[in-house]
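# Analysis of the macromolecular model
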Amino acid sequence: MITRRSILQHIGMAGGAAATFGAMEALGIAGNVAAAAPMPDLPAGFGKGRSVIVLGAGIAGLVAAYELQQAGFDVTVLEARDRVGGRNWTVRDGDRIVMDGEADQVARFSDGAYFNAGPARLPSFHHRILGYCGKLGVPLEVEINSSRSAFLMGQKGDKVRMRTAINDTRGHVAELLMKAVNQGALDQSLSAADKQALLPFLKTYGDLDATGHFAGTLRSGFQAFPDAGVGVFARPPAPMPLDRLLANEQLPAMLFEDNVYMQATMFQPVGGMDRIPAGFERALTRKVVRGADVTRIRNRPDGVEIAWRDTKTGAGRIARADFAVCTIPFPVLAKVDCDFAKPVAQAIAGVVYDHSNKVAFDSAALLGTGPDLWRHLVRRRRDVADLVSERGAVQSARDAAGLLYLGRAGGRLCEAADRRPGRAGARGGRAVAPGAWQGSGQRRRGQLEQDSVQPGAMAELVRRDGGASGG
C-alpha cells in the first residue's frame, strides 16, 4: 500500500529535506496549503440569468470562466487557436506549429515524448494553481529542476560537479572566516558571545577539522567508496583549490536552486502542462469555442457585442452577452476593432512583449552526446541560459533528449548548429518545435512572437527611469 508517509520517505531519500518539505507543502500537510483562491462572497444565485463571454482560453481566461460558472453565470469562451491553454502549450508528435511569416512546422518525437513549450514547472509557492490541480483532478509528479550531480562547465571546458562546487566553496569560505574571527579581524563587528556562537557553527557549516582547516568533505562525494564491511570506510576527496573554483566562470550558477523560482524540486502535471487547461475545460458546462478569431468588440447599453471569424470557414459570427472578460494578449488586442476609451486603447497599444526561445531536441545524434554536446554548448555559454535534460521538459528515455532555454541571442546557437555538417540535421536532427533543427539542417527561429496569436512570451515592464525589464 502506498501512503503519503512512504512517498515522503522516497522523496527524502532522493532529494533531501528541502525536497521533502516542498512535497509536504504541496500535499497540504506542512507550511502553506495548496489551495485555489476563494472567490469573493457573492449572494446566492449572483450570476443566475446573466451571461458572460470570455475572450481567450489561456489560464487567465479558463480560471475566469470556471469561477464565473461556479457563481451561476452562463459562460461562453472564445479562443482563436485550435487548442486551449495559451502559453501553456505542450507539443506532441504530429502537432503542427503554425508560424507567422515562415513555413509551418510539424513536430516529430519518439513514442511518448512531448515538449512543454511554455511553462514547465510548478514551484511549491504556486498554491492556487496547485490547488486547482487538486480540485480538477490533474495528477502531478515530481520535476527535478536541479541536480548536484550535474556539472558546472567553464568556458574552456573545465568542469566541476555541482556538489563539489557548493561544498568545497563553503568549506574554503568557512575556513577563511574562522581565521578572520580568531585573528581578531572582526572584533569591531562581533561581540565575544557572537564569536563563541559563530565558531562552532562555521566548523559544522564548512565541515572543518578540529583545527579549523578544510581538508575535504564527504558532502562533495567520495575518494574511496565505503566497503560492504568495516574494512574500508568512505573517504572524502581532496578539496578542490579555491583558485580553481573561482576560475570557473559558472561558479555563481551553484546558487541556481537558491532562487525561489528555481527550486531544486518542483511539480509538473503527469503527461504535460496542458493537462491543466484540459482539466479546466472538462469542468466547463460548455466547451470552448475554438478557431474563433475576435475581430470587433463593442460596448452596448444592454451588454457587449463580440464579432468573430471562424478560422476554418472564414464565416463571420456575432456573440452577445451581459458582460465580457478579455484576456487577449495586448499586442493582438491592439489590432482588434474596439471602442475602448482613448487612454485605455493607448495603454494597450503601448505594451511590448519580450522575447523568449526554447529549443527541444529528441535525437541521439543532435550536436553529439555527452562531453561533445557540452563542449559545443560551453563555447556558446552566453547564449544558453539553462539546460534541462531528460524528464525536465522533453519527456523521453533517449540519452540526448532535453530542452534548451535560450535568451534573446538564442538564435545564434541554432545558426551555429546549422554550420556543423554531420551533427544537426545531417544525422537525424528533426524539427520538434519553433527553434529546433530541421532534417535538412536548416533552423527555425523559436521566438514566440512569430506565433500570430501569441506574439511574445510576456509583457515587458518599463521602469520609471525609462529602462525595461522582463514582465
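Thresholds, definitions, all that
Residues numbered from 1 in each chain as written. Predicted model: local features only at pLDDT ≥ 70, side-chain atom pairs only at ≥ 80, totals over all residues. Heavy atoms only, no water. Axes fitted to C-alpha atoms, helices over the stretch in contact; angles between N-to-C directions. Helix = DSSP H or I, 4+ residues; strand = E, 2+ residues; numbered from the N terminus. Parallel < 35°, antiparallel > 145°, perpendicular 65-115°, else oblique. Left-handed = near helix turned anticlockwise from the far one by under 90°. Contact = heavy atoms within 4.5 Å. Nonpolar A, V, L, I, M, F, W, Y, C, P; charged D, E, K, R; others polar. Polar contact = N/O pair within 3.5 Å; in protein donor to acceptor, adjacent residues only side chain to side chain. Pairing = 2+ DSSP bridges. Phe/Tyr/Trp six-rings, centres within 6.5 Å; stacked < 30°, edge-to-face > 60°. Buried < 20%, exposed > 50% of the residue type's maximum accessible area, 1.4 Å probe, protein only. Lys NZ or Arg CZ within 6 Å of the ring centre and 35° of its normal. Core = buried A, V, L, I, M, F, W, Y, C linked by side-chain atoms within 4.5 Å.

This paragraph deals with the packing of helix α4 (residues 162–182) against helix α5 (residues 192–206). Interhelical geometry of α4 versus α5 gives an angle of 155 degrees and a closest axis separation of 8 Å. If you check the angle between α4 and α5, you find them roughly antiparallel. As α4 runs across α5, the sense of the crossing is left-handed. Taking contact as the criterion, the partners of R170, G171, A174, L177, M178, V181 and N182 in α4 are, on α5, K195, L198, L199, L202, K203, Y205 and G206. Split by residue class, the contact of α4 with α5 holds eight nonpolar, three polar and three charged.

Here we come to the side chain of N116. With respect to the helices and strands, the residue N116 is situated in strand β6 (residues 114–116). One polar contact links N116 to T90, side chain to side chain, over a distance of 2.9 Å.

Sheet topology note: the strand β11 (residues 292–300)/strand β12 (residues 303–310) ladder contains eight bridges and is antiparallel. Residue pairing for β12: R298 is matched across the bridge by E305. Hairpin connection from β11 to β12: two residues lie between these consecutive antiparallel strands. Across two bridges, β11 lies against strand β15 (residues 337–338) in parallel orientation. Following the sheet pairing, R296 is matched in β15 by D337.

The next subject is the packing of aromatic side chains. Within this structure, the stated rule accounts for seven aromatic pairs. Each ring, one from F201 and one from Y205, has its centre 5.5 Å from the other, and the planes form 25 degrees; the classification is stacked. Of this pair, F201 and Y205 both sit in helix α5, four residues apart, which is roughly one turn of the helix. For F201, a relative accessible area of 48% gives the class partly exposed. For Y205, a relative accessible area of 34% corresponds to the partly exposed category. Of the aromatic side chains, those joined through ring pairs into one cluster are F46, F73 and F323. For R50, the ring lying beneath its charged end belongs to F46, and the centroid distance is 4.8 Å. The ring of F151 has K159 sitting right over it, with the charged end atom 4.4 Å from the ring centre.

Moving on, we get to the environment of K159. The topology assignment puts K159 in strand β9 (residues 159–161). Taking C-alpha positions, K159 is 9.7 Å from L245, a pair spaced 86 residues apart along the chain. Here K159 is in contact with F151, L152 and M153, once residues within four sequence places are set aside.

Taken N-terminus to C-terminus, the directions of helix α2 (residues 59–70) and helix α7 (residues 275–283) make an angle of 25 degrees; their axes are 10 Å apart at the nearest point. Viewed along their axes, α2 and α7 adopt a mutual orientation that is roughly parallel. Here α2 and α7 pass one another in a crossing that is left-handed. Across from I59, L62, V63, Y66 and Q69 in α2, the residues of α7 making contact are I276, P277, F280 and A283. In terms of residue class, the contact of α2 with α7 is made up of eight nonpolar, one polar and no charged.

This part covers the nonpolar core. Core analysis: the biggest nonpolar cluster contains 25 residues, and V77, L122, I276 and F280 have the highest contact counts within it. Looking at this core, the elements with two or more residues in it are β1 (51–55), α2, β2 (74–78), α3 (127–136) and α7. Here this core takes five residues from α3, the largest share from any one element. In this view, F280 contacts L62, V63, Y66, I129, Y132 and L136; residues no more than four positions away in its chain are not counted. By size, the runner-up hydrophobic cluster in this structure holds 15 residues, among which are I53, V294, V304 and A319.

Another aspect to go through is unusual backbone geometry. Unusually for a residue other than glycine, D207 sits at a positive phi of about 55 degrees. Looking at the secondary structure, you find D207 in the loop between α5 and α6 (242–247). According to the relative accessible area criterion, D207 is partly exposed, its value standing at 32%.

Let us look at the environment of G154. Tracing the backbone shows G154 in the loop between β8 (151–153) and β9. A residue is classified by how much of its surface remains accessible, and G154, at 0% relative accessible area, is buried. Sequence separation of G154 and A247 is 93 residues, and the distance between their C-alpha atoms is 8.2 Å.

Hydrogen bonds between backbone groups are what pair the strands of a sheet, and the pairing can be parallel or antiparallel. Pairing in this open sheet of three strands is parallel, and the strands run β2-β1-β14 from one edge to the other. With one partner strand each, in any of the chains shown, β2 and β14 (323–326) form the two edges of the open sheet. Going across the sheet, the axis of each strand differs from the next one's by a mean of 20 degrees, ignoring polarity. Sheet analysis places β1 next to β2, joined by five bridges and oriented parallel. Following the sheet pairing, I53 is matched in β2 by T76. Strands in contact with α2 are β1, β2 and β14; relative to β2, the strand with the most contacts, it is inclined by about 165 degrees.

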